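Each chain, letter by letter, is given below.
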Amino acid sequence: MMRKKISVFLCFLVVSVMAFAFVACGDNGTDTDRVPDPTDDVKLSINKTEITLVAGVSDKLEAEPDTKVDGVKVEWFTSDEKIAKVSLTGRVTAVAEGTATITAYYGNAKASCKVTVRSVTVTLDKTQAEIDFLTGSTLKLNASDNGDINDYDWSSSDTTVATVNSDGLVTAHKNGTAVITAAIGGASGLYGFGLNLHRNPYHGRAGEYYSDDPYLTGVIAGWSALGAQSKGLYVYNKHFVLNDQEKTRSSYSTWITEQALRQTHIRPFEIAIEIGDAMNVMTAFNRIGTYWSGVDYN
């Protein structure tokens, strides 16, 4: 009888301990025990809360926290890349007509800007004009647009009748009718800048590259890209990455540690994006180990 009482008491004690442990574990999982984030009380301000752009035009957003936190950077995101894209440094590029939201995050702090993209409309100061038929007679056409782009591609439907230059100056050649068009579209690009390093003095493309120092190379290319793209010229920084030789450049492999690759050879491309919003990269043909440089995600 005594043994039965002891067994029952022990079973009751074990059940009580288990119940207490369950309650204790449940209490530890509450939100009140969450570790505070250093950015919880940070307020992030943005220089523009609403902008209107036409397709192909860019604008720069700036986001500034009221309190700096070590190790935290502003990150940019778009709600719809088909409408508007945003670079790592906050440069917004309008893509197509519509509305998108650009959001800057600084840890848990955030700020947003509404971007409205509308189509571009180009108008001419003369919709119909006649040039007296005299070989070499000219007529100046002036174009304007609702996006303040002021950069047009001029064309003639019949260049035997009349031609037009890049400034809209029409020249008559013979009797007839031609349609002169001013359009906005397309893009101009520069296959550069060369951001590979001087690893070998006999390198086949060494004359196109800046130095053997990744920081110096990135800074020079970044400011060059900033200037070029401010004038509407897209840059294609090359050759990503480890383009060590020109001969058989599409078939050789480079063997390198990940640390050396990231800290030395990828770094110039990263700096060029951070400083100059460099928007494009031209890949190399070579392989890094057994992976083609233009395909491997890592």
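What counts and how
- Just so you know, the residues in each chain are numbered from 1, in the order the chain's sequence is written.
- Per-residue local features are limited, in this predicted model, to residues with pLDDT of at least 70; the limit for side-chain atom pairs, both in listing and counting, is 80 or more; totals at the level of whole chains, interfaces and linings are taken over all residues.
- Processing note: side-chain calculations cover all non-hydrogen atoms of the structure and skip hydrogens and water entirely.
- Every helix listed is a DSSP run of H or I at least four residues long, and every strand listed is a run of E at least two residues long, numbered separately from the N terminus.
- Think of it in three bands: residues with accessible area under 20% of the maximum for their type are buried, residues over 50% are exposed, and the middle band is partly exposed, with areas taken using a 1.4 Å probe on protein chains only.
- Any two residues whose heavy atoms approach within 4.5 Å are treated as being in contact.
- Here a polar contact is taken to be a pair of N or O atoms separated by no more than 3.5 Å, where protein atoms must pair a possible hydrogen donor with a possible acceptor and residues adjacent in sequence count only if both atoms sit in side chains.
- Two strands qualify as a pair provided DSSP detects at least 2 bridges between them.
- Fitting a line to C-alpha atoms yields each axis, with helices limited to the stretch in contact; the angle taken between N-to-C directions then spans 0 to 180 degrees.

## With respect to the environment of Val54
Piece 1. As for its position among the elements, Val54 is in strand β2 (residues 50-54).
Piece 2. When its relative accessible area of 3% is taken as the criterion, Val54 is described as buried.
Piece 3. As a C-alpha pair, Val54 and Val117 span 63 residues in sequence and 5.3 Å in three-dimensional space.
Piece 4. Not counting residues within four places of it along the chain, the set of residues in contact with Val54 comprises Ala94, Val117, Arg118, Ser119, Val120, Asn146, Gly147 and Ile149.

## A short note on the side chain of Lys238
Piece 1. Here Lys238 lies in strand β18 (residues 233-240).
Piece 2. Under the relative-accessibility criterion, Lys238 is labelled buried at 9%.
Piece 3. Polar contacts involving the side chain of Lys238 include one to the main-chain carbonyl oxygen of Tyr191, which spans 3.1 Å.
Piece 4. Ignoring any residue separated from it by four or fewer positions in sequence, one finds Lys238 in contact with Tyr191, Gly192, Phe193, Gly194, Leu195, Asn196, Arg205, Glu208, Phe269 and Met282.

## Points about the sheet that holds strand β7 (residues 91-94)
Piece 1. As summarised here, the arrangement of the three strands in space is β3-β7-β6, forming an open sheet in which the pairing is antiparallel. Lying at the two open borders of the sheet, with one neighbouring strand each, are β3 (58-60) and β6 (84-86). If you compare each strand with its neighbour and ignore which way they point, the axes differ by 20 degrees on average.
Piece 2. With three bridges joining them, β3 and β7 adopt antiparallel strand pairing. Of the residues in β7, the one forming a bridge with Lys60 is Arg91.

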